[in-house]
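Observations on the three-dimensional arrangement
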Amino acid sequence: MTHTLILIDLDGFKLINNTYGHGAGDHLLQTVAELLRHHVRTIDLPARGGGDEFALLLVGCPPPEAEEKIERIRQRIQQIQLPGLNQPGPLVSASIGMGELSLDQGLAQRYQQADAALYMAKQSGKNQIHIAPSPEFSSP
């Protein structure tokens, strides 16, 4: 069974904390967490990785199907509005790295590959999704 590991980093989060204060930043993180919980299935696992980073494990969901789902989430993150903030445009956006994960692979290696895909999304202009190459299976 194929799963997809997704790493999400909020673009511009530090500016929110610096401009509006840590209370606004905390509210934003809670809003993103709720958005993730609302847009995944009960068998999927959303988690906060620390700071402004989140992770999702989409169970039994191959990367092409996961990409459609995560694109909707990426778009929704850009639409987040916080009460009391006079914001002219999107508050934040999201850079996303994702990779295929199956039970016969090492989690650490696939996490590193999804993290490298996230880094590529950030380096390529942010607010986009990059997919790690599919793992090569070697025969025993």
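Right above here is the structure, for reference.
Residues numbered from 1 in each chain as written. Predicted model: local features only at pLDDT ≥ 70, side-chain atom pairs only at ≥ 80, totals over all residues. Heavy atoms only, no water.

1. Observations concerning the overall build of the protein
Of regular secondary structure, the protein possesses four helices and five strands. Each helix and strand of the protein, ordered N terminal to C terminal, gives the series β-α-α-β-β-α-β-α-β. Over its C-alpha trace the protein gives a radius of gyration of 16 Å, about what one expects of a compact globule, namely 14 Å for 140 residues. Within the protein, buried positions represent 41% of all 140 residues. Taking the intrachain contacts of the protein between residues at least 6 apart in sequence as the baseline, contacts between residues at least 24 apart amount to 66%. Just so you have it, the protein exposes about 7800 Å², and 53% of that area is on carbon and sulfur atoms. Charge-centre separation for the protein: the mean point of 11 positive side chains lies 6 Å from the mean point of 15 negative side chains. (Helix = DSSP H or I, 4+ residues; strand = E, 2+ residues; numbered from the N terminus. Rg over C-alpha atoms; globule rule 2.2 N^0.38 Å. Buried < 20%, exposed > 50% of the residue type's maximum accessible area, 1.4 Å probe, protein only. Contact = heavy atoms within 4.5 Å. Areas by Shrake-Rupley, 256 points an atom, 1.4 Å probe, with all protein chains shown as cover. Lys, Arg positive; Asp, Glu negative; His and termini not counted. Charge placed at Lys NZ, Arg CZ, Asp CG, Glu CD.)

2. Observations concerning the pairing of strand E2 (residues 45-50)
The element E2 is barely covered by neighbouring structure, given that only zero of its six residues are classed as buried. In the sheet, E2 pairs with strand E3 (residues 53-58) via five bridges, with the strands oriented antiparallel. Looking across to E3, one finds that Arg48 is bridged to Phe54. Here E2 folds back onto E3, and the loop between the two strands holds two residues, one of which, Gly51, carries a positive phi near 55 degrees. (Pairing = 2+ DSSP bridges.)

3. As for the pattern of salt bridges
Oppositely charged side chains can pair when the atoms bearing their charge come close. Taken as a whole and assessed by the stated rule, the structure comprises six salt bridges. The partner of Glu34 in a salt bridge is Arg37, with the nearest N and O atoms 2.8 Å apart. Remark: Arg37 and Glu34 occur in helix H2 (residues 22-39); sequence separation between them is three residues, near one turn of the helix. Its salt-bridge partner being Lys69, residue Glu65 comes within 3.6 Å of it at the nearest N-O pair. In this pair, Glu65 and Lys69 are both assigned in helix H3 (residues 63-78), four residues apart and thus about one turn of the helix distant. Through salt bridges with shared partners, a single ionic network connects Asp9, Asp11 and Lys122. (Salt bridge = Lys/Arg side-chain N within 4 Å of Asp/Glu carboxyl O.)

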